[in-house]
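Residues per chain are reported as follows:
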Amino acid sequence: MRSKTENLLKIMYVIAWAVFIGLLIKTGVILINYFISVGNPEASKNMFGDLNLWDYYNHSFYQYSMIVGYKVFIFAIEAYIALLITKLLSKLNLEKPFNTQVHTMMQKISSNIFFLWIIAMIHNTHVQFLGKRYEFPMDLFSSDFIFLAGIIFIFAQIVKRGIELQVENELTI
């Protein structure tokens, strides 16, 4: 019989895969709509959900392309992070949870979230500059990524210390 922890990790594994696939679809839809909007500017009015970049398109195709590029890049990084989480969950061994693979995956996740935060801040600065200057609507990304990256980095350091203690314990036996 499986423990509650094992069941929870299996559920989280499935959710991580669903998030990964959803983010890939979102990235693909925005990218496809962008290429459609090159020939048909009306497509920029409904990129994905409520994302309307019509004002940016009319102002400057270059600025419009930059903003779409940021969004595609950010969603692609988020999808990659979801993929890393699926890998982390698949490599997690509850019998010996402190191992170098888990530590490495946690560091990768943390550094990618930090990179995501940097790109989101560049996007937000660019959109705010254009939005305030030309009175365009502003669709900004959350700036909470830095906090999440820090938390995961701290947990990675805890895992690293657990690995060190585990190695010391094995050497004393």
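Because the structure is a prediction, the values reported are computed rather than measured. (Residues numbered from 1 in each chain as written. Predicted model: local features only at pLDDT ≥ 70, side-chain atom pairs only at ≥ 80, totals over all residues. Heavy atoms only, no water.)

Asks: Lay out the nonpolar core with the relevant residues and their values.
Replies: The tendency in soluble globular proteins is for nonpolar side chains to be buried side by side. Among the nonpolar cores identified, the biggest contains 40 residues, and Met47, Leu53, Tyr56, Tyr64 and Val68 are the most heavily contacted of them. At the level of elements, helix 1 (4-39), helix 2 (54-59), helix 3 (61-91), helix 4 (100-134) and helix 5 (145-172) are the ones that each hand at least two residues to this core. Among the elements that line this core, the one with the most residues is helix 3, at 13 residues. Leaving out residues up to four positions away in the same chain, Tyr56 has contacts with Tyr64, Ile67, Val127, Leu130, Gly131, Phe136, Pro137 and Met138. (Core = buried A, V, L, I, M, F, W, Y, C linked by side-chain atoms within 4.5 Å. Buried < 20%, exposed > 50% of the residue type's maximum accessible area, 1.4 Å probe, protein only. Helix = DSSP H or I, 4+ residues; strand = E, 2+ residues; numbered from the N terminus. Contact = heavy atoms within 4.5 Å.)

Asks: Before we move on, can you summarise the environment of Tyr70 with the specific residues and values?
Replies: Relative to the assigned elements, Tyr70 resides in helix 3. Taking relative accessible area as the criterion, Tyr70 reaches 15% and is therefore assigned buried. For the pair formed by Tyr70 and Leu89, sequence separation is 19 residues and the distance between their alpha carbons is 29 Å. Residues in contact with Tyr70, not counting those within four places in the same chain, are Ile122, His123 and His126.

Asks: Outline the packing of aromatic side chains, listing residues and values.
Replies: A ring pair, where both rings are aromatic, is described by two values, the distance of the centres and the angle of the planes. Inspection of every chain in the model, using the stated rule, returns 13 aromatic pairs. A ring pair is formed by Tyr34 and Phe35, whose centres lie 5.4 Å apart and whose planes are at 65°; its orientation type is edge-to-face. Phe35 gets classed as exposed once you look at its relative accessible area, which sits at 57%. Note on Phe75 and Phe141: the rings are 5.6 Å apart at their centroids and 70° apart in plane angle, and the pair reads as edge-to-face. Here Phe141 lies in the loop between helix 4 and helix 5 and Phe75 lies in helix 3, a separation of 66 residues in the sequence. Residue class for Phe141 comes out buried when judged on its relative accessible area of 14%. Within the aromatic cluster, the residues linked to one another by ring pairs are Tyr34, Phe35, Tyr57, Phe61 and Tyr64. Across the ring face of Trp54, the terminal group of Lys45 is positioned such that the distance to the ring centre comes to 4.6 Å. (Phe/Tyr/Trp six-rings, centres within 6.5 Å; stacked < 30°, edge-to-face > 60°. Lys NZ or Arg CZ within 6 Å of the ring centre and 35° of its normal.)

Asks: Can you tell me about helix 5, naming the residues and giving the values?
Replies: Taking 1.5 Å per residue, 28 residues should reach 40 Å; helix 5 reaches 41 Å between its end C-alpha atoms and fits that length. Within the sequence span of helix 5, burial applies to Phe145, Ala149, Ile152, Ala156, Val159, Gly162, Ile163 and Gln166. Close packing links the buried residues of helix 5 with helix 3 and helix 4. (Expected span 1.5 Å × (residues − 1).)

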